[in-house]
Structures are given as structure tokens and as C-alpha cells.
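The residues making up each chain are set out below.
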Amino acid sequence: MRKYFSEDEMKIVGEYPSAAGFFGKPQPSCPKYNRPVTSRENFEMMLRGEVPYWAPNLLCDCNLLQPLVMKDAAARSFGGIDWFGIDWQFEEASGAPMVRPGTRRLSSLENWREELVWPDLQAIDWEKDYRENFGNLPEDRPNIFLIVNGCFERLADLTSFADAFCYLIEEPEELNAFFTRLTDWHIELIQIARTYYHADMILFHDDMGTQRSTFFSTKMYVELLQPHYKRMTEAIRQLGMHAAAHSCGCIGAHIPEFINSGFEMWEGQQNANDCPALMRQYGDRLGQIEMLTETAEASSLEQVKAIIKDRLETVGATGRYMCRLYDRPERMTASHEYMYRLSRQKYDRLYEERNPSFRES
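This text gives an overview of the structure that appears in the document. Values in this document were obtained by computation on a predicted structure and should not be read as measured data.

About the cut-offs
- Per-chain numbering applies: the sequence of each chain, read as written, is numbered from 1 onward.
- Whole-chain, interface and lining totals are the exception, using all residues; otherwise, since this is a predicted model, local features are given only for residues with pLDDT of at least 70 and side-chain atom pairs are given and counted only at 80 or more.
- Side-chain metrics rest on all non-hydrogen atoms present in the structure, leaving aside hydrogens and water.
- Numbered from the N terminus, helices here are DSSP runs of H or I no shorter than four residues, and strands are runs of E no shorter than two.
- Here's how the labels work: a residue is buried when its accessible area is under 20% of the maximum for its type, exposed when over 50%, partly exposed in between, all with a 1.4 Å probe on protein chains only.
- A 1.4 Å probe that fits but cannot get out identifies a cavity on a 1 Å grid over protein atoms alone, an open set with protein on both sides within 12 Å along at least five of seven lines counts as a pocket, and a residue lines either if it has an atom within 4 Å of a point.
- Grid points are joined across faces, edges and corners, and a volume is the space filled by probe spheres set on the points.
- Strand pairing is assigned whenever DSSP detects at least two bridges linking the two strands.
- Assignment of crossover handedness uses the view with strands pointing away from the viewer, where a clockwise path from the first strand over the helix to the second indicates a right-handed crossover.
- In what follows, residue pairs with any heavy atoms lying within 4.5 Å of each other are defined as contacts.

## A look at unusual backbone geometry
Right, so step 1: Unusually for a residue other than glycine, Phe23 sits at a positive phi of about 55°.
Right, so step 2: Residue placement: Phe23 occurs in the loop between strand 1 (12–16) and strand 2 (30–33).
Right, so step 3: Positive phi outside glycine occurs at Asn149, with the angle close to 65°.
Right, so step 4: Tracing the backbone through its elements, the reader meets Asn149 in the loop between strand 7 (143–147) and helix 6 (151–158).
Right, so step 5: When its relative accessible area of 0% is taken as the criterion, Asn149 is described as buried.

Right, dumping it as C-alpha cells:
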């Protein structure tokens, strides 16, 4: 039976060790607390549309997996050659890589069958990689598996953004053939994520916008990209996992069709979208994942608490909300504890609103 928040839940009963994380950055160690349910159970409640006990914080409530044995992961973390032969150059100023200027892997879209060499995923010893790098992951936390370079991004990286936009207009049939083959390959990778890494959610990257607007119309997304994403999310569901889309840029216009594509959550760019408004409009069908970094810029813990409170009151209002809460190392634990305590109490009230007969005796 569900219980109201108790300070006994803040008792430390162990520790989660540091582990591999996204983009080559280790996931920090963090305390393990006396929670009323496991992080995995709380995560599944949120995805089922129930009121979770608290808002999951990816840095301490989830296992973040992006195996560097994947060439895409290594190249997009540190620079180098990715799975399709694209050369990535790491930029210190932004802390992220970009396609090295002058690089072009595919001469023209119509030549993709002859020029592209598809990576042999079966040639990698996934079992060995899991055993050596992920075998000690705590089983009471869900595993979130990150895959970068979706359909549109891969097209632009292989050619150029200018040509990619032209192909969207001029080559719909050839694009469909290429995206079909690319999706087949991604589904094979997704099966590996489930079989060897026991993934519970696939977080799939495909940036689709600038700071001001989408790269292309929603109609074009529906016609050219959605069929492939529907097939991919269906494969994810059939394997017993959840599907989340990462897409930077001002892409609010696409959100209804992300839902129709089968995605359950969206990780977007807070400074390019009105995330609270999107949550009010679509939060009953699509949850949001935030990279909450402004907390690290705050000068005091009180300012951090104000930021967290604002996010829980707006984007976190429906209970379909997760974040990666970053803060300065010396106050990270205090910030995470505040996020837990406040969201736990807020979701107690939300649960009461949805279940009027609930009153703890």
C-alpha cells in the first residue's frame, strides 16, 4: 500500500558505485537510500502513466549505458572515425564533436548502396564488453541505452546539411530505401542492447531543429521519417523496452507526431522550447527528460532549490518527468536529496488528487 513521505526514506543504506555513463563521462557514485520502492519500480510506474513516488534523476536513479565499443559512441564522445567512416573532430570550447570540415563520406544519396559499408554488429563481442564494463550495474535501477545519429542526422553527417535538405525535397523514394536499410540496422543494434545490456529504455538521438524552428515541416517528418520511427519503436516495445526520443532545437511542432511515432518520452532543449507549455498540452501522452544544468551555475544551494522547485511545478507537474540534475560536486548530494524530497511530497499530493479515496491511516 502506498505510504506518504517519511524522513526515514532519507536514511542512507548503501552506495551506488561510479559507472560508465553517456558520452564517455562516468556516472558519479551516489548514496543508496531507504526508498519505499526501487528506482526500477518507480521508473516503470511513471512510464505506465501512474503517479510515481518521485521524479527520477538519471544520475542516481538509472544506469546510463553507451558502450564505447560502439564506434559511434567513441567518435561522438572524443572525436575520431565513427561506424560509417565519418571523421569527427572534438571541439574543446563546446565540449562536443562535430564532423571535421571537408569530410564527406557519401558522394550522393543515390550511391549509398555502392559506397556505404554497413558495420557488422555480430563481429563485436558484446557479451565480453558487458561483463568487463557493465557487469556490476545495480539491478534495482533501470538501464537506459543511448544510440546517437538517427535518420536525419546520419543523412546530414554522411553528406552535408545543405544536400540533406535537398534530398528531403527531391529524393523521397531513395530516402525511403536508405532509411529502411538504416532502420533495419538500428533494430539489430536495439536487439543487442536488450539481449546483452538488458536495456529497459532506448534513448534515440536525432536532432531536428535550429534555435528558432524545425529543420523541416511536420508534414515532411510524417511522410519521410515517421514510418521508420514507428517501425523502430514497435520493435522496441516488442522487446519489452520503452522508447524515448532526443531531439535538440525548437521542435515543438513535431511533438504530436513524436507521440504518433510511438515515443513515450522526449529529451529536448529547454532554451529553444516552451517545455512547460508542451507538458501542459501533451504531458498526458509524452513525458519529458531534462538535462538540468542551470543548477550548476547557481551561486547558492537556495538558488538551486528554487530552480528545482520551478521545474517540478511546471515540467514535472504531471508526474511524467525525468531529469539529469547536475550541480557542483560539493553540493550534488544535497541537490539530489532536495529533488527527491520535494518531488516525493508533490507526487503524494498529485496521487491524492487522482485517487480521492486515498488517505493513509
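Additional details are given in the paragraphs that follow.
## Some remarks on empty space enclosed by the protein
Right, so step 1: What the rule picks out here adds up to four cavities of 30 Å³ or more.
Right, so step 2: Its volume calculated, the largest cavity comes out at about 70 Å³.
Right, so step 3: Lining the largest cavity are Tyr33, Arg35, Trp54, Ala55, Asn57, Cys60, Asp61, His336, Glu337, Met339 and Tyr340.
Right, so step 4: Mapped by element, the contributors of at least two residues to the lining of the largest cavity are helix 2 (58–61) and helix 14 (332–354).
Right, so step 5: With four residues, helix 14 is the largest single contributor of residues to the lining of the largest cavity.
Right, so step 6: Empty space within the second largest cavity amounts to approximately 50 Å³.
Right, so step 7: Lining of the second largest cavity is provided by Phe204, Asp206, Met208, Tyr221, Tyr229, Ala245, His246, Ser247, Phe258 and Phe263.

## Some thoughts on the pairing of strand 9 (residues 242–246)
Right, so step 1: For strand 9, a buried count of five out of five residues is recorded, marking the element as mostly surrounded by other parts of the structure.
Right, so step 2: Along strand 9, one buried face is formed by His242, Ala244 and His246 and the opposite face, lined by Ala243 and Ala245, is buried too.
Right, so step 3: Sheet analysis places strand 8 (residues 201–205) next to strand 9, joined by five bridges and oriented parallel. For Phe204, the partnering residue across the bridge sits in strand 9 and is Ala245.
Right, so step 4: Relative to strand 10 (residues 265–267), strand 9 runs parallel, the two sharing three bridges. Bridge assignment links Ala245 to a residue of strand 10, and that residue is Trp266.
Right, so step 5: As a crossover connection, the stretch from strand 9 through helix 10 (residues 255–260) into strand 10 is right-handed.

## Comments concerning the environment of Ser299
Right, so step 1: Positionally, Ser299 belongs in the loop between helix 12 (294–297) and helix 13 (301–313).
Right, so step 2: Separated by 19 residues in the primary sequence, Ser299 and Arg280 have C-alpha atoms spaced 30 Å apart.
Right, so step 3: Not counting residues up to four positions away in its chain, the partners in contact with Ser299 are Arg328 and Arg331.

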